[in-house]
Amino acid sequence: MSGRAQLMWDEAVTGYDFGPEHPMDPVRLALTWSLVAALGLDREMEVVAARPAGESTLRLVHREDYIDAVKAASADPAVADGSYGLGTIDDPAFAGMHEVSALIAGQSVGAAEAVWRGDALHAVNFAGGLHHAMPGAASGFCVYNDAALAVARLLELGAERVAYVDVDVHHGDGVQAAFWEDPRVLTVSLHEHPATLFPQTGWPEETGADRAEGSAVNVALPAGTGDAGWLRAFHAVVPEVLAEFRPQVLVTQHGADTHFEDPLAHLAVSLDAQRAVQVVCHDLAHEYAGGRWVALGGGGYAVVEVVPRSWTHLVGIAAGRPVEPETVIPEGWRQEVFARTRQLGPMRMTDGRWPVAYASWEAGYDPADRLDQAVRAARRAVFPLRGLLP
Ligand SMILES: [Zn+2]
């Protein structure tokens, strides 16, 4: 095992483009890649373009009739009429949709394969994390569920315990659904409460099917939760369930849409707290999964101010060259930002909140506090099912 980190990148992933009116502007991927390169991180790890996921791989998660519908919509977007979630406002059909969605999925599957085989200890696909796609439908800007496919490929290769931790502001519903009945996969999602946000699932009581009870963990956070609450909730739930589950591989999804600048959701998390959680995920992979870590992107619609910096931090952490928060961003990257978007790019790799403080759960909680109520609801629903004290 080389232990080197691997970065999955094929510029063609920027063809995942629902059109100029859509919030998921692929410039976020292009700008992330160029910020990674501007900081020299691409020279710290192996950059690999994996093949697109083939039909048999896609079928590990997706139904054949759905794949056929994506192919048809990809060949002729006019045929998409809303069935299978294709041709909707969230998921408009576009030419080449099947090919580029399979390419993104292929990067996550390739990352999983590299980590399982020991070609890399950590692998990152920031173009991935399309966690809303369902076995038989597109949903929430997601066509093929690369995260679920990466997990499914690990199981196919022989993994017996895979943990998936999703810190996107939205519930990781598609991944949870794909493994709802499978006790080999622990899905943990930390997200804004379903009462106020798409996809309106991710209630603490969602804990897995009968024969996989306790394999789904949901922490539903009140709208407005900021850095201290977000970190407190993460630390109050995630390390304990991972310690008990003892995954062979940790797959994490790092949607950057928890940020206070994000236009589509209502948490108030800073870049610095996002970085702190990335650091912890890396640590948890080493502590409980032999270091085997597949890290994915996800949502994130502040495409200039937040996404490139957040995922560049993720890449740096995986590469073993974490970027210091105070780092000044190279002027060349800011010029590229202006040329592409007519917006001014951020100056530094921090929101000025580093280091982020939070109060640990072990020190006690306040029954009247809404954040603490959310944490208690998650622990009470699932911890006893895993033999843990709520
Ligand atoms: Zn999201």
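Everything numeric here is computed off the predicted structure, so don't read it as measured data. (Residues numbered from 1 in each chain as written. Predicted model: local features only at pLDDT ≥ 70, side-chain atom pairs only at ≥ 80, totals over all residues. Heavy atoms only, no water.)

**Overview of the pairing of strand E4 (residues 162–166)**
Where burial is concerned, most of E4 is hidden: five out of the five residues are buried. Taking every second residue as pointing to the same face, both faces of E4 are buried, with Val162, Tyr164 and Asp166 on one and Ala163 and Val165 on the other. As defined by bridge partners, E4 adjoins strand E5 (residues 185–192) across five bridges and the pair is classed as parallel. Looking at the pairing, Asp166 lines up with Ser189 of E5. (Buried < 20%, exposed > 50% of the residue type's maximum accessible area, 1.4 Å probe, protein only. Helix = DSSP H or I, 4+ residues; strand = E, 2+ residues; numbered from the N terminus. Pairing = 2+ DSSP bridges.)

**Some points on the coordination of the zinc ion**
Octahedral metal centres with six donors ideally show angles of 90 or 180 degrees, and tetrahedral centres with four donors ideally show 109.5 degrees. Protein coordination of the zinc ion is provided by Asp168 (OD), His170 (ND1) and Asp257 (OD), with donor distances spanning 1.9 to 2.1 Å. The sequence pattern describing where the donors of the zinc ion fall on their chain is D-x1-H-x86-D. Separated by 87 residues along the polypeptide, His170 in the loop between E4 and helix H6 (173–178) and Asp257 in the loop between strand E7 (249–253) and helix H8 (271–288) bring together distant segments of the chain. Like His170, the residue Asp257 is buried in the burial classification. (Donors = N, O, S within 2.8 Å, 3.2 Å for Na, K, Ca; no water.)

**Notes on the pattern of salt bridges**
A side chain of one charge can pair with a side chain of the opposite charge if their charged atoms are brought near each other. The full count for this structure, using the stated rule, is 15 salt bridges. With a shortest N-O distance of 2.5 Å, Glu55 and Lys71 are connected by a salt bridge. Placement of Glu55 in helix H2 (residues 55–58) and of Lys71 in helix H3 (residues 64–75) is noted, with a sequence separation of 16 residues between them. We note a salt bridge from Arg348 to Glu326, for which the minimum N-O separation is 3.4 Å. Note that Arg348 is positioned in the loop between helix H10 (331–341) and helix H11 (370–382) and Glu326 in the loop between helix H9 (307–319) and H10, a separation of 22 residues in sequence. Beyond isolated ion pairs, a larger network of salt bridges with shared partners links Glu113, Arg153 and Glu156. (Salt bridge = Lys/Arg side-chain N within 4 Å of Asp/Glu carboxyl O.)

**Quick word on the pairing of strand E3 (residues 122–125)**
Note on strand geometry: in a regular strand, side chains alternate between the two faces of the sheet. The two faces of E3 match: His122 and Val124 on one face and Ala123 and Asn125 on the other face are all buried. Strand direction decides the pairing type here: strand E1 (residues 6–8) and E3, joined by two bridges, are parallel. When the bridges of E3 are listed, Leu7 appears paired with Val124. Summarising the sheet, E3 and strand E8 (residues 293–296) pair through four bridges and their orientation is parallel.

**Notes on the layout of surface pockets**
Taken as a whole, the largest pocket encloses approximately 210 Å³ of empty space. Looking at the largest pocket, it is lined by 16 residues, and the ones nearest its centre are Ala50, Arg51, Val109, Gly110 and Glu113. Elements with a minimum of two residues in the lining of the largest pocket: E1 and helix H4 (97–117). Of the residues forming the lining of the largest pocket, the biggest block, five residues, is contributed by H4. Looking at the lining of the largest pocket residue by residue, the class counts come to eight nonpolar, five polar and three charged. (1 Å grid on protein atoms, 1.4 Å probe; cavity = no way out; pocket = protein on both sides within 12 Å on 5 of 7 lines; lining within 4 Å. Points joined across faces, edges and corners; volume = space filled by probe spheres on them. Nonpolar A, V, L, I, M, F, W, Y, C, P; charged D, E, K, R; others polar.)

**Some remarks on the environment of Ala73**
Position of Ala73 among the secondary structure elements: in helix H3. Assessed through its relative accessible area of 1%, Ala73 is described here as buried. When the C-alpha atoms of Ala73 and Phe94 are compared, they prove to be 7.1 Å apart, with 21 residues separating the residues in sequence. Not counting chain neighbours up to four residues away, the residues in contact with Ala73 comprise Val79, Ala80, Leu86, Ala93 and Phe94. (Contact = heavy atoms within 4.5 Å.)

**Focus on helix H1 (residues 27–38)**
For an α-helix the count is 3.6 residues per turn, leaving residues at separations of three or four pointing the same way. Here H1 contains 12 residues, and its C-alpha end-to-end distance of 16 Å stays within 8% of the 16 Å for a straight helix at 1.5 Å per residue. Within H1, nine of the 12 residues are buried, leaving the element largely enclosed by the surrounding structure. The set of residues buried in H1 consists of Val27, Arg28, Leu29, Ala30, Leu31, Thr32, Ser34, Leu35 and Val36. Where the residues of H1 are buried, they touch E1, H9 and H10. Within two residues after H1, Gly40 carries a phi angle of roughly 75 degrees, on the positive side. (Expected span 1.5 Å × (residues − 1).)

**Considerations on the packing of H4 against helix H5 (residues 146–156)**
The contact between H4 and H5 brings their axes to 8 Å, and the two run at 35 degrees. Here H4 runs over H5; the crossing is right-handed. Note on element contacts: H5 touches H4 through Asp146, Leu149, Ala150, Arg153 and Leu154, opposite Ile104, Ala105, Ser108, Val109, Ala112, Glu113, Trp116 and Arg117. Per-class residue counts for the contact of H4 with H5 are eight nonpolar, one polar and four charged. (Axes fitted to C-alpha atoms, helices over the stretch in contact; angles between N-to-C directions. Left-handed = near helix turned anticlockwise from the far one by under 90°.)

**A look at the sheet that holds E5**
Ordered in space as E2-E1-E3-E8-E7-E4-E5-E6, the eight strands form an open sheet in which the pairing is parallel. In this open sheet, the two edge strands, each paired with only one partner strand, are strand E2 (46–48) and strand E6 (216–221). Strand-to-strand twist in this sheet, taken as the mean axis angle between neighbours without regard to direction, amounts to 15 degrees. Pairing geometry for E7 and E8, over four bridges, is parallel. Its bridge partner being in E8, Val251 is matched across the sheet by Val294. Along the sheet face, H5 touches E3, E4, E5, E7 and E8 and points at about 165 degrees away from the line of E4.

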